[in-house]
Structure formats: C-alpha cells, structure tokens
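Examining the three-dimensional arrangement
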Amino acid sequence: MMNDKNNGSPKRLYRSATDRKLCGVCGGLAAYFNVDSTLIRLALVVLAVLGLTSGIWIYLLAAIIMPDEP
C-alpha cells in the first residue's frame, strides 16, 4: 500500500474539488497518479472516440464511485 508523503496515511483516490471541468474525475486521477490532468483528459477523449463510448461509460462510472475530495 502506498503512503502519502504528507502524513503517512494511505493514498486515496478522490474526485478533485479544484481541478475539475465536469465532475473532477480526471483531476482526481491526475493527482493520484501524479501526472498532468490534461493527459488524463486526452486519454479519456481518445477512449471515447476510438472505443465507441467506452470512455464515456468509464467516466460516468468513476464519477458515481469516486468520493468527493474532503
């Protein structure tokens, strides 16, 4: 299990409260994996275009499952 550098607690996946365009899923994933949120958004668009809406379903499912950032 990965630990957060700030307080030693486990790293958690949340929907971002600050880096959001729709629901904060891409911003939350970017913060969790420590990458630019634009890359996550671009990957989601590519999935949506090439995967025949699979990217949209993944996003909606993540928006429902992921909790809001405290």
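Residues numbered from 1 in each chain as written. Predicted model: local features only at pLDDT ≥ 70, side-chain atom pairs only at ≥ 80, totals over all residues. Heavy atoms only, no water.

Looking at the overall build of the chain
Using the following cut-off: Every helix listed is a DSSP run of H or I at least four residues long, and every strand listed is a run of E at least two residues long, numbered separately from the N terminus. The contact definition used throughout considers only heavy atoms, calling two residues in contact when any of these lie within 4.5 Å. Only the protein chains shown count as covering a residue, and every accessible area follows the Shrake-Rupley method with a 1.4 Å probe.
For the chain, the count of helices and strands is three helices and zero strands. The helix and strand sequence of the chain, counted from the amino end, reads α-α-α. The contacts in the chain between residues at least 6 apart in sequence include a share of 36% that link residues at least 24 apart. For the chain, the accessible area works out to roughly 5,300 Å², and carbon and sulfur atoms hold 66% of it.

Things to note about a nonpolar patch on the surface
Worth spelling out the cut-off: Exposure above 30% relative accessible area and the lack of any salt bridge qualify a residue for a patch; like charges then connect within 9 Å, and the nonpolar side chains Val, Leu, Ile, Met, Phe, Trp and Tyr within 5 Å. In the sections that follow, a salt bridge refers to a side-chain nitrogen of Lys or Arg positioned within 4 Å of a carboxyl oxygen of Asp or Glu. Using a 1.4 Å probe on the protein chains alone, a residue whose accessible area is under 20% of its type maximum counts as buried, one over 50% counts as exposed, and one in between counts as partly exposed.
Together, Leu42, Val45, Val46, Val49 and Leu50 give the surface a local cluster of nonpolar side chains, amounting to about 500 Å² of exposed area. Relative to the assigned elements, Val45 resides in helix 2 (residues 37–50). Overall, Val45 belongs to the partly exposed group, its relative accessible area being 48%.

Topic: the pattern of salt bridges
Across all of its chains, the model carries one salt bridge by this definition. Two residues, Asp68 and Arg15, come together in a salt bridge whose shortest N-O distance is 2.7 Å. Of this pair, Asp68 sits in the segment after helix 3 (54–65) while Arg15 sits in the segment before helix 1 (25–33), and the two are 53 residues apart along the sequence. Here Arg15 falls in the buried class, since its relative accessible area comes to 15%.

Comments concerning unusual backbone geometry
Backbone geometry at Asn34 places phi at a positive 55°, although glycine is not the residue there. With respect to the element layout, Asn34 can be found in the loop between helix 1 and helix 2. By relative accessible area, Asn34 is classed as exposed at 67%.

Digging into helix 3
Put simply, the rule reads: Between the first and last residue of a helix there are one fewer steps than residues, each counted as 1.5 Å, and that sum is the expected span. Here, the arc refers to the directions that run from the helix axis to the C-beta atoms.
Taking 1.5 Å of rise per residue, twelve residues should cover 16 Å, and helix 3 covers 16 Å from first to last C-alpha, within 8% of that figure. Restricting attention to buried positions, one finds in helix 3 the residues Gly55, Tyr59, Ala62 and Ala63. Projection of helix 3 onto a plane perpendicular to its axis shows the buried side chains occupying an angular sector of 100°, all on one side. Exposed and oriented more than 90 degrees from the buried face of helix 3 are Trp57, Leu61, Ile64 and Ile65. Looking at the buried positions of helix 3, the neighbouring elements they touch are helix 1 and helix 2.

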